[in-house]
Amino acid sequence: EEEQEVGIEISNVDSVDKVFRILTFHMNLKGYVDNTARECLNWKYKGNAHLEAGEITEALEAYDYALATMYKPQEGIVLLMRATAYLRRASQHQETLRELVSDFQNV
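Below is a short write-up of the structure. (Residues numbered from 1 in each chain as written. Predicted model: local features only at pLDDT ≥ 70, side-chain atom pairs only at ≥ 80, totals over all residues. Heavy atoms only, no water.)

### Side note on the nonpolar core
Right, on to step 1. Formed by C40, L51, I56, A59, L60, Y63, A66, L67, V78 and A85, the largest nonpolar core amounts to ten residues.
Right, on to step 2. When contributions to this core are tallied by element, the ones reaching two or more residues are helix 2 (35-52), helix 3 (56-68) and helix 4 (72-105).
Right, on to step 3. Sequence-distant contacts of L67, defined by excluding residues within four places in its chain, comprise E75, V78, L79 and R82. (Core = buried A, V, L, I, M, F, W, Y, C linked by side-chain atoms within 4.5 Å. Buried < 20%, exposed > 50% of the residue type's maximum accessible area, 1.4 Å probe, protein only. Helix = DSSP H or I, 4+ residues; strand = E, 2+ residues; numbered from the N terminus. Contact = heavy atoms within 4.5 Å.)

Given below as structure tokens:
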């Protein structure tokens with residue numbers, strides 16, 4: 001008798017939670033998926049979304065939450081993204097300072 005393959009439609013997967021649900025519920029891999037990894041990745045992706053939107057404070061908070069999960073495999077990339085957020089903040093402050101100095105010189 002021929003085995004029939006069962007497929008799962010994953011084209012609309014757009015979040016860590018959906019991947020987690022597919023792996024644990026649909027593929028019955030509950031013991032193989034680390035909930036700490038899910039939490040860390042959720043926070044990291046939230047931070048990335050905030051950073052992309054220019055919401056530096058929110059990005060930094062999300063990266064701090066991701067680091068607080070203590071999920072070591074993502075620690076390096078989360079630290080890198082947090083550093084990127086701090087650099088963007090510094091760049092914004094530098095631009096503001098330039099504008100203020102320019103305004104002051106024109107007075």
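### Side note on the packing of aromatic side chains
Right, on to step 1. All chains considered together, the criterion is met by one aromatic pair.
Right, on to step 2. Over the aromatic face of W43 sits the side chain of K46, whose NZ or CZ is 4.6 Å from the ring centroid. (Phe/Tyr/Trp six-rings, centres within 6.5 Å; stacked < 30°, edge-to-face > 60°. Lys NZ or Arg CZ within 6 Å of the ring centre and 35° of its normal.)

### Things to note about the environment of N42
Right, on to step 1. Looking at the element boundaries, N42 is found in helix 2.
Right, on to step 2. For N42 and A66, which are 24 residues apart along the polypeptide, the C-alpha to C-alpha distance reads 7.7 Å.
Right, on to step 3. Setting aside residues up to four positions removed in sequence, N42 forms contacts with V16 and D17.

### Section: the side chain of T69
Right, on to step 1. Along the chain, the position of T69 falls in the loop between helix 3 and helix 4.
Right, on to step 2. For T69, a relative accessible area of 13% gives the class buried.
Right, on to step 3. There is a polar contact of 2.6 Å between the side chain of T69 and the backbone oxygen of A66.
Right, on to step 4. Setting aside chain neighbours within four positions, we find T69 in contact with T36, E39 and C40. (Polar contact = N/O pair within 3.5 Å; in protein donor to acceptor, adjacent residues only side chain to side chain.)

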